[in-house]
Amino acid sequence: MTGKYEFVDMQATGMDAIATAFANQVAYCLNAGAPVTARVCAAVAQLLERGERGPLLDRIRGWDGAPLADALPLRVAGALHGLHLSGRAPALAALYAGAQDIDDAAIIAGVIAAHDADLQPWLDGPPQTNEAGRSANFVAAMLWLADQGLPPRFQCLEIGSSGGINLMLSRYHYALGGVNVGPKPGALRIAPVWQGAPPPARAIEIASTRGCDVAPVDLADPAQALRLKAFVWPEMTERFQRLEAAIDAARAAPPDLVKMNAADFVEAELARPQAAGTTRVLMHSIVWQYVPGDQQERVTAAMEAAGARASAERALAWIALEANREIHLHELVVRYWPGDGAPRMLARAHPHGTSIDWRG
């Protein structure tokens, strides 16, 4: 990492932390090319700062948890976007169309007052940000792992799988800096803007995928699919197209997805026998901040213990695409065993798969 950045305390609580969370999310959205979502978050922050009252705003203002770790701004943004997608709040249309010279805060205040009860349930759980574009990071990391000498046959385990869209990564086609992976044409084509050298051109196989989520999304349920769409930033039209294609793929053959917390799932899966000639992979994207601290410790301990038992024939890897809140970017970090298990940052990436800056 280069440059000097302000430390962001993900676990901070209280009104200052709430203001920081909204400001951080605005910066994050602007950096990721999502100006409308940034405006929505900024408008809510303005309402909070000037003391606007109401059940929803009072609930945000009195948030008990850590607003940044809980992604509180994105819960609110998802609620408002979901209301817009439902067509029940026409006052939001101009804002989501990107119109200028309108009073964002006044529009948001009016919508909240009119639809407070509809918006409240969206604060009850974390955002569901399932995004097929992130699979490109997982696949690029597997190419790199194969190049390090690990068995190129991967058994994939994912935590925070949401609707299981990334569990279907073997069904997609990838164009990664000139390296093509996966079936043609595939259920969808993922071609991020690539910076840096291409990833290693290795032959890899996805032997299996299995995932967990504390609140799995049934993509065959239109209401649950709408919830996923609500957390897609409206500027990202390509994401909506990928989501529709992924929903179709899931309806044709549902991914292997169980309701379970991250720690229980990882411990149970690592206890299963592993076939020779495989690399077992734990993977996750934009999930770690939602995993409670005690579960993070259990997952880490389980992976490191399994890593100590790993061999050349039964390897283990950990692929994480998570936010660096100090620089408003996502980083692709890999650990693997046998080996020292040290974290290696392979890329900086757009949070929704638009681009990958490869450092591997």
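Residues numbered from 1 in each chain as written. Predicted model: local features only at pLDDT ≥ 70, side-chain atom pairs only at ≥ 80, totals over all residues. Heavy atoms only, no water.

Novice: Any chance you could break down unusual backbone geometry for me, citing the residues and the numbers?
Specialist: Residue Lys 184 is joined to Pro 185 through a cis peptide bond whose omega torsion reads 0 degrees. Relative to the assigned elements, Pro 185 resides in the loop between strand E3 (179–181) and strand E4 (189–190). Residue Pro 338 follows Trp 337 across a cis peptide bond; omega there is 5 degrees. Within the fold, Pro 338 resides in the loop between strand E10 (329–337) and strand E11 (344–349). Within the chain, Ser 162 stands out as a residue other than glycine whose phi angle is a positive 55 degrees. Relative to the helices and strands, Ser 162 is located in the loop between strand E1 (153–159) and strand E2 (173–176). Taking the relative accessible area as the measure of exposure, Ser 162 reaches 2% and is therefore buried. The backbone phi angle of Ile 286 is positive, close to 50 degrees, even though this residue is not glycine. (Helix = DSSP H or I, 4+ residues; strand = E, 2+ residues; numbered from the N terminus. Buried < 20%, exposed > 50% of the residue type's maximum accessible area, 1.4 Å probe, protein only.)

Novice: Requested: an account of helix H11 (residues 293–309), with residues and values cited.
Specialist: Taking 1.5 Å of rise per residue, 17 residues should cover 24 Å, and H11 covers 25 Å from first to last C-alpha, within 8% of that figure. Among the residues of H11, those classed as buried are Gln 295, Val 299, Ala 302, Met 303, Ala 306 and Gly 307. Seen end-on, H11 carries its buried residues on one side only, within an arc spanning 135 degrees. What points out from H11, more than 90 degrees from its buried face, is the exposed set Glu 297 and Ala 308. Close packing links the buried residues of H11 with helix H10 (262–270), strand E8 (278–285), strand E9 (314–324) and E10. (Expected span 1.5 Å × (residues − 1). Arc of directions from axis to C-beta. Contact = heavy atoms within 4.5 Å.)

Novice: Explain the environment of Glu 313 residue by residue, including any values.
Specialist: With respect to the helices and strands, Glu 313 occurs in the loop between H11 and E9. Residue classification places Glu 313 among the partly exposed positions, given a relative accessible area of 46%. Between the C-alpha atom of Glu 313 and that of Thr 279, which follows or precedes it by 34 residues, the distance is 7.9 Å. Filtering out sequence-adjacent residues up to four positions away, Glu 313 remains in contact with Pro 151, Ala 275, Ala 276, Gly 277 and Thr 278.

Novice: Break down the packing of aromatic side chains for me, citing the residues and quoting the values.
Specialist: Scanning the entire structure with this criterion turns up five aromatic pairs. Consider the rings of Trp 144 and Tyr 336, whose centres lie 5.8 Å apart with planes at 75 degrees: the pair is edge-to-face. On the criterion of sequence distance, the pair formed by Trp 144 in helix H7 (residues 135–147) and Tyr 336 in strand E10 is long-range, its members being 192 residues apart. Across the pair, Tyr 336 and Trp 144 agree in class, each one buried. Measuring from ring centre to ring centre gives 5.7 Å for Trp 288 and Trp 318, while their planes differ by 70 degrees; the resulting arrangement is edge-to-face. Of this pair, Trp 288 sits in the loop between E8 and H11 while Trp 318 sits in strand E9, and the two are 30 residues apart along the sequence. Of the two residues, Trp 288 and Trp 318, neither departs from the other in class, the shared state being buried. (Phe/Tyr/Trp six-rings, centres within 6.5 Å; stacked < 30°, edge-to-face > 60°.)

Novice: Give a detailed account of the pairing of E2, specifying residues and quantitative values.
Specialist: Every second residue of E2 is oriented toward a common face, with His 173 and Ala 175 on one face and Tyr 174 and Leu 176 on the other, all of them buried. Pairing of E2 with E4 involves two bridges; the strand directions are parallel. Paired with His 173 across the strands is Arg 189, a residue of E4. Relative to E3, E2 runs antiparallel, the two being bridged by three bridges. Bridge pairing in E3 links Leu 176 to Val 179. Between E2 and E3, which follow one another and run antiparallel, lie two residues, and Gly 177 among them has a positive phi close to 60 degrees. (Pairing = 2+ DSSP bridges.)

Novice: Give a detailed account of the sheet that holds E3, specifying residues and quantitative values.
Specialist: Pairing is mixed in the open sheet, where three strands are placed in the order E3-E2-E4. Each end of this open sheet is capped by a strand with a single partner; those strands are E3 and E4. Of the strands in this sheet, E2, E3 and E4 are in contact with H7, which crosses E2 at around 70 degrees. (Axes fitted to C-alpha atoms, helices over the stretch in contact; angles between N-to-C directions.)

Novice: I'd like a rundown of empty space enclosed by the protein, residues and numbers included.
Specialist: Unoccupied space between atoms shows up once a probe the size of one water molecule is rolled over them. Under the criterion given, the structure shown has one cavity of 30 Å³ or more. By volume, the largest cavity is sized at about 230 Å³. For the largest cavity, the lining is made up of 26 residues, of which Gln 25, Leu 74, Thr 129, Trp 233 and His 352 are closest to its centre. The set of elements that each furnish at least two residues to the lining of the largest cavity consists of helix H1 (15–31), helix H2 (35–49) and helix H4 (72–86). Here the lining of the largest cavity gets four residues from one element, more than from any other, and that element is H4. Taken together, the residues of the lining of the largest cavity break down into 16 nonpolar, eight polar and two charged. (1 Å grid on protein atoms, 1.4 Å probe; cavity = no way out; pocket = protein on both sides within 12 Å on 5 of 7 lines; lining within 4 Å. Points joined across faces, edges and corners; volume = space filled by probe spheres on them. Nonpolar A, V, L, I, M, F, W, Y, C, P; charged D, E, K, R; others polar.)

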